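Each chain, written out:
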Amino acid sequence: MEIYSVPEIAKDVFWVGAKDWNRRMFDALVPLPQGTSYNAYLVKGEEKTALIDTVNPGFEEEFKEKINLVSSLEKLDYLIMNHAEPDHASAICYIMDRAPGSVLVTTERGVKMASIYNDLPEGRIKVVANGDTIDLGGKTLRFIEAPWLHWPETMFTYLPEDKVLFPCDFFGAHTAQGVYDEDLEDLIPLAKRYYGEIMMPFGKMGTKALEKIKDLDIAVLAPSHGPIYKNPQRIIEPYAKWTAGETENKALIVYVSMWGSTKLMVRTIAETLLKEGVDVRVYDLEVADTGDVARELVDSRAIILGTPTVLAGMHPLALYGTYLVKALNPPAKYGVILGSFGWGGGALKQAGDILVPSKMEVVGTLQVKGKPREEDLKRVEEIGLELARKMKA
Ligand code: FEO
């Protein structure tokens, strides 16, 4: 009995990837509440067959069986590599060993990156550049170099006859659920979370990539993680905003509190901002899912950090959070740092040193000794009012 499903996403174009339902972390960094998928696609022309990307280590046998359900792996002509990260490229040698006539197709940068992780078969590589095509017979594969999304070598592949774009990680979402975008009502928040975690540091390159594909006729958008879009504008429109760094009238508060003092300060500023009509999202870093925080970073106009002092510096969870925020390069324009200490401060200075220089304007900072008194909370409120004024302006 055949157990695998290989949806035909366009005529003679099949999804042959793998679903990793129970994976819970990616890169030992990104939480995956719904697992993920490693999407790979088989394109059958009248004369030649091409495979677009491969799968994560551990899924090779399943991958082979799926390919053989709709074609013959042994007779594969081309393996297109859009991206060299091992979740899509680690099965290159596995596939090419079993398809002796196959040729690896990728960019010059792709060869360099893939060679770091794989012993590529000599004499079986075709280097392509932006605009190059391969004719499969009735189906053409056109290559679009879209570097730094999120590795140096990333490339898109376009199939004009069927109007299918394969953009690899770009437009992806970490979820094993669904086949098509219409299967998931909550897909865009998941895609936004993925964008914040993976693509946000490369927003400018994302804008360039969108410019490159703006005149393409796209009926199906087939990324390498998550569902396939039959409604491409559902994700292209938000990506246009996210890559442009458009922010909402929203403040993201991330904090750690040991004895409630920092918590009282962040609560005071949250209430002040709410009264001023600012959308507020609050995450306690002791329990927060960092993917949720990354999602909020995508369009928050302000970031408020709250941290107590521990051993003359920031609380380690706040230090980790601050480092991550800086690395993800969010578009927030304004920042506030609040904190408390018992017998010696230091957290505020350390937070400031990490965040500055950054493009964020620090609207206010306050560090209190022990429990915040009435006058301290009054000062927090003043900072909140000033922040709300700037955010609205
Ligand atoms: Fe899904 Fe960058 O690999």
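So, how was this worked out
Residues numbered from 1 in each chain as written. Predicted model: local features only at pLDDT ≥ 70, side-chain atom pairs only at ≥ 80, totals over all residues. Heavy atoms only, no water. Helix = DSSP H or I, 4+ residues; strand = E, 2+ residues; numbered from the N terminus. Buried < 20%, exposed > 50% of the residue type's maximum accessible area, 1.4 Å probe, protein only. Contact = heavy atoms within 4.5 Å. Lys, Arg positive; Asp, Glu negative; His and termini not counted. Charge placed at Lys NZ, Arg CZ, Asp CG, Glu CD. Axes fitted to C-alpha atoms, helices over the stretch in contact; angles between N-to-C directions. Parallel < 35°, antiparallel > 145°, perpendicular 65-115°, else oblique. Nonpolar A, V, L, I, M, F, W, Y, C, P; charged D, E, K, R; others polar. pLDDT = per-residue confidence, 0-100. Domains from an automatic or database assignment. Buried area = accessible area lost by both parts, 1.4 Å probe. Salt bridge = Lys/Arg side-chain N within 4 Å of Asp/Glu carboxyl O. Phe/Tyr/Trp six-rings, centres within 6.5 Å; stacked < 30°, edge-to-face > 60°. Lys NZ or Arg CZ within 6 Å of the ring centre and 35° of its normal. Pairing = 2+ DSSP bridges. UniProt positions renumbered as here; feature names shortened; annotations may be inferred. Arc of directions from axis to C-beta. Disulfide = S-S within 2.5 Å.

Some words on the overall build of the protein
Reasoning step 1: Regarding its fold elements, the protein presents 12 helices and 22 strands.
Reasoning step 2: Principal axes of the C-alpha set define a box for the protein whose edges measure 80 × 40 × 40 Å.
Reasoning step 3: Counting every position in the protein, which comprises 393 residues, the buried fraction comes to 58%.
Reasoning step 4: Taking as baseline every contact in the protein between residues at least 6 positions apart, the subset at least 24 positions apart corresponds to 72%.
Reasoning step 5: Separation between the mean location of the 45 positive side-chain charges and that of the 56 negative ones in the protein comes to 6 Å.

With respect to the packing of helix 5 (residues 187–199) against helix 9 (residues 290–297)
Reasoning step 1: Interhelical geometry of helix 5 versus helix 9 gives an angle of 90° and a closest axis separation of 7 Å. As the angle between them shows, helix 5 and helix 9 are arranged roughly perpendicular. Contacts between helix 5 and helix 9 involve Pro 189, Lys 192, Arg 193, Gly 196 and Glu 197 on the former and, on the latter, Gly 291, Asp 292, Ala 294 and Arg 295.
Reasoning step 2: Here the residues of the contact of helix 5 with helix 9 are counted per class, giving 2 nonpolar, 2 polar and 5 charged.

Re the confidence of the model for the protein
Reasoning step 1: Confidence in the prediction of the protein, expressed as mean pLDDT, is 97, and 100% of residues score 70 or more.
Reasoning step 2: Within the protein, strand 15 (residues 164–166) carries the highest mean pLDDT (99), whereas helix 11 (residues 347–355) carries the lowest (91).

Observations regarding the domain arrangement of the protein
Reasoning step 1: With domains assigned, the protein is organised as domain 1 (8–244) and domain 2 (251–392).
Reasoning step 2: Summarising the inter-unit geometry, the C-alpha centres of domain 1 and domain 2 are found 38 Å apart.
Reasoning step 3: Contact residues are listed per partner, giving 11 residues for domain 1 and 16 residues for domain 2.
Reasoning step 4: Between domain 1 and domain 2, a total of about 1100 Å² is buried, with carbon and sulfur atoms accounting for 64% of that surface.
Reasoning step 5: Between domain 1 and domain 2 we count 3 salt bridges in total.
Reasoning step 6: Linking Asp 289 and Arg 193 is a salt bridge whose minimum nitrogen-to-oxygen distance equals 3.0 Å.

What to know about the packing of aromatic side chains
Reasoning step 1: A full pass over the atoms with the stated rule returns 11 aromatic pairs.
Reasoning step 2: Between Phe 170 and Tyr 239, the ring centres sit 4.8 Å apart and the planes meet at 85°, which makes this aromatic pair edge-to-face. Here Tyr 239 lies in helix 7 (residues 233–244) and Phe 170 lies in the loop between strand 15 and helix 5, a separation of 69 residues in the sequence. Side by side, Phe 170 and Tyr 239 carry an identical accessibility label, which is buried.
Reasoning step 3: Centroid distance Phe 171 to Tyr 239: 4.7 Å. Interplanar angle 50°. Geometry classified as tilted. Highlighted residues: Phe 171 in the loop between strand 15 and helix 5 and Tyr 239 in helix 7, separated in sequence by 68 residues. As far as the burial class goes, Phe 171 and Tyr 239 line up, both buried.
Reasoning step 4: Each member of the aromatic cluster is reached from another via a ring pair, and the members are Phe 156, Phe 170, Phe 171, Tyr 195, Tyr 239 and Trp 242.
Reasoning step 5: Looking at Lys 19, its charged tip hangs above the ring of Trp 15, at a distance of 5.7 Å from the centre.
Reasoning step 6: Taking the ring centre of Tyr 180 as reference, the NZ or CZ of Lys 230 above it sits at 4.0 Å.

What to know about the sheet that holds strand 14 (residues 155–159)
Reasoning step 1: Here we have 5 strands laid out as an open sheet, ordered 12-13-14-15-16, and mixed in their pairing. Every other strand in the sheet has two partners, leaving strand 12 (133–135) and strand 16 (220–221) as the edge strands with one partner each.
Reasoning step 2: Each of strand 13 (140–145), strand 14 and strand 15 is contacted by helix 6 (residues 203–213), which is oriented at about 145° to strand 13, the strand it contacts most.

A short note on the UniProt feature "domain: Flavodoxin-like" (unreviewed entry) in the protein
Reasoning step 1: Sites flagged by UniProt as "domain: Flavodoxin-like" (unreviewed entry) map to residues 251–388.
Reasoning step 2: With 43% helix and 30% strand, the stretch residues 251–388 has end C-alpha atoms that lie 9 Å from each other.

Regarding helix 6
Reasoning step 1: Among the residues making up helix 6, those that are buried are Gly 203, Gly 206, Ala 209, Leu 210 and Ile 213. Considered in projection along helix 6, the buried side chains sweep an arc of 110° and stay on one side of the axis. For helix 6, the exposed residues lying more than 90 degrees away from the buried face are Lys 204 and Lys 208.
Reasoning step 2: Where helix 6 is buried, its residues contact strand 13, strand 14, strand 15, helix 5 and helix 7.

Considering the side chain of Thr 49
Reasoning step 1: With respect to the helices and strands, the residue Thr 49 is situated in strand 8 (residues 49–52).
Reasoning step 2: The exposure class assigned to Thr 49 is buried, which follows from its relative accessible area of 12%.
Reasoning step 3: In this view, Thr 49 contacts Leu 42, Val 43, Lys 44, Ser 71, Leu 76, Asp 77 and Tyr 78; residues no more than four positions away in its chain are not counted.

Notes on the state of the cysteines
Reasoning step 1: Under the definition given, this model contains 0 disulfides.
Reasoning step 2: Looking at the unpaired Cys 93, the closest cysteine sulfur is the one in Cys 168, lying at 18 Å.
Reasoning step 3: Accessibility expressed as a relative area gives 21% for Cys 93, which makes it partly exposed.

Some points on the pattern of salt bridges
Reasoning step 1: Under the definition given, this model contains 25 salt bridges.
Reasoning step 2: Among the salt bridges present, the one from Asp 292 reaches Arg 193, with a minimum N-O distance of 2.9 Å. Taken together, the positions of Asp 292 in helix 9 and Arg 193 in helix 5 put the pair 99 residues apart, joining distant regions of the chain.
Reasoning step 3: As a salt-bridge pair, Asp 279 and Arg 281 come within 2.6 Å of each other at their nearest N and O atoms.
Reasoning step 4: One connected set of salt bridges, linked through shared partners, spans Lys 192, Arg 193, Glu 197, Lys 250, Asp 279, Arg 281, Asp 289, Asp 292, Arg 295, Glu 296 and Asp 299.

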